[in-house]
There are 2 protein chains.
Amino acid sequence: MAGAGQPTIDEVARLAGVSRGTASRVINGGAHVSPAAHEKVLKAIEELQYVPSRAARSLVTQRNDAVALAISDANPRLFTEHPFFSEVIVGIDTVLAESDLELMLVLGASVRERNRLRRQLSSRRVDGIMLLSLHGEDPLYELAEQADVPVVYGGKPLGVEPPHYVDADNRGGARQAVEHLVTTGRQRIATVTGPMDMDVGVARYHGFRDALGSAGLPAHRVANADFTAASAVRAMADLLDRFPDLDAVFVAADSMAAAALGVLHERGRRIPQDVAVVGFDDRATALTTHPPLTTVHQPVQALGAEMAKMLLSLMAGRPATSLILPTRLVIRQST
Amino acid sequence: MAGAGQPTIDEVARLAGVSRGTASRVINGGAHVSPAAHEKVLKAIEELQYVPSRAARSLVTQRNDAVALAISDANPRLFTEHPFFSEVIVGIDTVLAESDLELMLVLGASVRERNRLRRQLSSRRVDGIMLLSLHGEDPLYELAEQADVPVVYGGKPLGVEPPHYVDADNRGGARQAVEHLVTTGRQRIATVTGPMDMDVGVARYHGFRDALGSAGLPAHRVANADFTAASAVRAMADLLDRFPDLDAVFVAADSMAAAALGVLHERGRRIPQDVAVVGFDDRATALTTHPPLTTVHQPVQALGAEMAKMLLSLMAGRPATSLILPTRLVIRQST
DNA sequence: TTGAAAGCGATACCAC
DNA sequence: GTGGTATCGCTTTCAA
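What you see is a predicted model; the values in this text were computed from it and never measured.

How each quantity is defined
- Residues numbered from 1 in each chain as written.
- Chains lettered and ligands numbered in written order.
- Predicted model: local features only at pLDDT ≥ 70, side-chain atom pairs only at ≥ 80, totals over all residues.
- Heavy atoms only, no water.
- Helix = DSSP H or I, 4+ residues; strand = E, 2+ residues; numbered from the N terminus.
- Rg over C-alpha atoms; globule rule 2.2 N^0.38 Å.
- Buried < 20%, exposed > 50% of the residue type's maximum accessible area, 1.4 Å probe, protein only.
- Contact = heavy atoms within 4.5 Å.
- Areas by Shrake-Rupley, 256 points an atom, 1.4 Å probe, with all protein chains shown as cover.
- Lys, Arg positive; Asp, Glu negative; His and termini not counted.
- Charge placed at Lys NZ, Arg CZ, Asp CG, Glu CD.
- Expected span 1.5 Å × (residues − 1).
- Buried area = accessible area lost by both parts, 1.4 Å probe.
- Salt bridge = Lys/Arg side-chain N within 4 Å of Asp/Glu carboxyl O.
- Polar contact = N/O pair within 3.5 Å; in protein donor to acceptor, adjacent residues only side chain to side chain.
- Nonpolar A, V, L, I, M, F, W, Y, C, P; charged D, E, K, R; others polar.
- Near = heavy atom within 4 Å.
- Least-squares fit on C-alpha atoms with pLDDT ≥ 70 in both.
- Pairing = 2+ DSSP bridges.
- Right-handed = clockwise from strand over helix to strand, strands pointing away.
- Domains from an automatic or database assignment.
- Phe/Tyr/Trp six-rings, centres within 6.5 Å; stacked < 30°, edge-to-face > 60°.
- Axes fitted to C-alpha atoms, helices over the stretch in contact; angles between N-to-C directions.

Things to note about the overall build of chain A
For chain A, the helix and strand inventory stands at 14 helices and twelve strands. Taken over C-alpha atoms, the radius of gyration comes to 25 Å for chain A, far larger than the 20 Å a tight globule of 335 residues would show. Overall size of chain A, expressed as C-alpha extent along the three principal axes, is 85 × 35 × 35 Å. For chain A, with 335 residues in total, the buried portion stands at 59%. The contacts of chain A with a sequence gap of at least 6 include a subset with a gap of at least 24, amounting to 69%. Accessible surface for chain A amounts to roughly 13,300 Å². Of this, 52% is attributable to carbon and sulfur atoms. Computed over 34 positive and 38 negative side-chain charges, the separation of the two mean positions in chain A equals 1 Å.

Pasting the structure below:
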């Protein structure tokens, strides 16, 4: 702490020997100000170390120069285990840094947190909202629609088509992954899915079915999980129990694939000779598994960046159209 | 968007048939208000869906009901690869949710972002600051000291002893880890360090030296890394080149240990028969490596929670003393 | 180009 | 217990 109380614009104006109006003009771009006055004000600002009060400014401009990122997930472990979120944040921040917007982070796990979220979204404290990871029937969806600021979704919510969202081509990516397994001669292909109350989980599962359908192969070897490592361990064990003859598995996330590999090793399966494994994400994990993981690359930072850009557009009153970012298969040693 | 413009407290007062002063009293706890008036105001608030403007409130109270978490790291990959950060955030958020404080997240990677950070910290927009992951000579340190709000550090900054910080027992944990290697008969023990311009990197390295020193074993098998997987791969390969006879390695982070395991496998080393490996962190990764990783557990969420609690104390004008959280060894199959 | 004055939406103090 | 009023620090008309 230092103390002394921050200087106000009036003190700047007084020191510079101009009116407050002039000082304000200089601070906000400097139009309609004589060069002489301009310089004096700048000098005063420098000397006083003046920084405008955002609260006062917000009060009159009705803007906050801040946006919120709400991550609405009942499971905080997901946030910590799944590198997806951090990467989205980095992508968002990259864009925000260019425009002097601040980022409020709101985790929506507990009821208490959701109430806080509700209040934040309606206390006109942010100029825009980004929503990540909506589960089915999420009350947040309705809440966001009522907010009087623009809203952008990261990942399409399940069952609805919001006006503005950014997503990865989950279905296409999954299809590619499973087609690769088919092409390389696998016949008894299983999948560990993501959460089926989220679009991302359903879409990747559909991709799995798409590929097997076209190939005329059965698609009944399915176990559900929720993106956590623990759930993946259970699902993989379950698959091996029910379908000991499986010769390949498409796992809907790298972090889960890493966990599944552990189970496969334990059960004596050789990768990829006995069982081929494909993941989804292409995060750092995919390189350090044993063997390195064939996986579907999705551009997560770009997803975050596009969300932020879209929000900025909307906040500026410009239109924006939803986006689906391409994915691509990266072949390594697990297939 | 919905529109219509949010209701003000005056409209609430008018609808309730009381003065604005009375309405305000109800909103802020309801002391000195008659039951009748109290109820009328509540009803009006409900009907109008009134939510106070935080900007207006901040302007007069000089508080913001918000705190900032600044993560000052030159390498954004760290934020995405190292689950540490997400987990600290969850810990912080848990505490914040209880007290209706909002969280501003500020990443301080680029020069541009650092300037933004500087502005945010001095625009009296937050009532407290948490600083994470300071590297040596970080200009942020000085900046934070000048801020006129309380500051709490997560992880001791290198070379200084700030008034308020929360850290894990990095040195003690590392010592335990290496002692375990010694106890189980390892003689040629190496280490892959964390970044040596951060206290966490130096402290864990010191723990390594402590243990070997007490055991009378040499401590020259050292390769530096910076917590990223790529750097760990390089460091591990380097160690094997220089000390092909090493029979154990203490790696300063689980994520790096996972990467190191890959290199060891590639070079034909059996784990743990030929080389024992110990990590640090005990995140989910440690369970899904092959084999599962012996590692030092550190309470990361607790670290975040304690940072937040400490900040709340300071903001309330109560004193607080720095904290070092204990670590403990978790033995799995890699040793 | 500049200065004066009117709010923005709340809190807090003051008499009543 | 209640209502009126000054005030927080800034932006933004409106005249000059």
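Some remarks on helix α3 (residues 35-48) of chain A
Residues and elements named next belong to chain A. The end-to-end C-alpha separation of α3 is 20 Å, in line with the 20 Å expected for 14 residues at 1.5 Å each. Buried residues along α3 sit in contact with α1 (9-16) and α2 (20-27). Count one or two residues on from α3 and you reach Q49, which has phi positive near 55 degrees.

Remarks on the interface of chain A and chain B
Tallying the contact residues gives 60 residues for chain A and 60 residues for chain B. Buried area between chain A and chain B, summed over both chains or domains, comes out near 5,400 Å², and the portion from carbon and sulfur atoms is 56%. There are two salt bridges connecting chain A and chain B. With its nearest N and O atoms 2.8 Å apart, the salt bridge here joins R125 of chain B to E102 of chain A. Taken together, the links from chain A to chain B amount to 13 residue pairs in polar contact (both at pLDDT 80 or more). Among the secondary structure elements, those contributing two or more residues to the side of chain A that touches chain B are α4 (54-61), α5 (76-81), α6 (84-98), β2 (102-107), α7 (111-122), α8 (139-146) and α12 (254-266) of chain A. Taken together, the residues of the side of chain A that touches chain B sort by class into 28 nonpolar, 16 polar and 16 charged.

Description of the protein's contact with DNA strand D
In the neighbourhood of DNA strand D, 27 residues make up the surrounding shell, with I9, R20 and Y50 of chain A together with R25 and S34 of chain B lying closest. Here, DNA strand D places atoms within 4 Å of the protein, and 60% of those atoms are sugar or phosphate. Taking S24 of chain A, its side chain carries an N or O atom lying 3.0 Å from a phosphate oxygen of DNA strand D. Between a phosphate oxygen of DNA strand D and a main-chain N or O atom of S34 of chain B, the distance comes to 2.6 Å. Secondary structure elements with two or more residues in the surface near DNA strand D: α2 and α4 of chain A together with α2 (20-27) and α4 (54-61) of chain B.

So, the protein's contact with DNA strand C
Every one of the 26 residues lining DNA strand C counts as a neighbour, but S19, R25 and S34 of chain A together with I9 and S24 of chain B are closest to it. Taking all atoms of DNA strand C within 4 Å of the protein, the share assigned to sugar and phosphate is 62%. Here a phosphate oxygen of DNA strand C and a side-chain polar atom of S34 of chain A are 2.6 Å apart. A distance of 2.9 Å is found between a phosphate oxygen of DNA strand C and a backbone nitrogen or oxygen belonging to S53 of chain B. Put simply, the parts of the chain that give the surface near DNA strand C at least two residues each are α2 and α4 of chain A together with α2 and α4 of chain B. Class assignment of the residues belonging to the surface near DNA strand C gives a composition of eleven nonpolar, eleven polar and four charged.

With respect to the relation of the copies chain A and chain B
Between the two copies, chain A and chain B, the superposition gives an RMSD of 0.1 Å; the rotation angle is 180 degrees and the shift along the axis is 0.1 Å. What the rotation and shift describe, once combined, is the action of a two-fold rotation axis. Interface overlap between copies: 100% of the residues of chain A at the interface are likewise at the interface in chain B, consistent with a symmetric, same-surface contact.

Structural notes on the pairing of strand β3 (residues 129-132) of chain A
All names here are of chain A. Alternating residues of β3 divide into I129 and L131 and M130 and L132, and every residue in both groups is buried. The sheet contact formed by strand β1 (residues 66-71) and β3 spans four bridges and is parallel. Note that in β3 the partner of I71 across the bridge is L132. Here β3 pairs with strand β4 (residues 151-154) via four bridges, running parallel. Bridge pairing in β4 links L132 to G154. Regarding topology, α8 serves as the crossover connection from β3 to the parallel β4, and that connection is right-handed.

What about the side chain of T191 of chain A?
Residues and elements named next belong to chain A. Relative to the helices and strands, T191 resides in strand β6 (residues 189-193). Engagement of the side chain of T191 in a polar contact is seen with the backbone oxygen of F250, the distance being 2.8 Å. In this structure T191 touches Y205, F208, R221, V222, A223, L239, V249 and F250, once residues within four positions along its chain are discounted.

Comments concerning the domain arrangement of chain A
Considered domain by domain, chain A is made up of domain 1 (9-61), domain 2 (66-168 + 301-327) and domain 3 (170-297). Distance from the C-alpha centre of domain 1 of chain A to the C-alpha centre of domain 3 of chain A: 60 Å.

A closer look at the packing of aromatic side chains
All names here are of chain B. In the structure shown here, the tally under the stated rule is eight aromatic pairs over all chains. An angle of 85 degrees between the planes, with centres 5.6 Å apart, marks the rings of F84 and F85 as edge-to-face. Both residues of the pair, F84 and F85, belong to the buried class. With a centroid separation of 6.3 Å and an interplanar angle of 25 degrees, the aromatic rings of Y205 and F208 are classed as stacked.

Observations concerning the sheet that holds strand β11 (residues 323-325) of chain B
Taken in spatial order, the twelve strands line up as β11(A)-β5(A)-β4(A)-β3(A)-β1(A)-β2(A)-β2(B)-β1(B)-β3(B)-β4(B)-β5(B)-β11(B) in an open sheet, and their pairing is mixed. Looking at strand neighbours, the two that pair on one side only are β11 (323-325) of chain A together with β11 of chain B, the edges of this open sheet. Averaged over all pairs of adjacent strands, the angle between their axes in this sheet comes to 20 degrees, without regard to strand direction.

Some words on the pairing of strand β8 (residues 248-251) of chain B
Residue and element names in this part refer to chain B. Residues of β8 alternate between two faces, with A248 and F250 on one and V249 and V251 on the opposite face, all of them buried. When strand β6 (residues 189-193) meets β8, the two strands line up parallel, connected through four bridges. Its bridge partner being in β8, V192 is matched across the sheet by V251.

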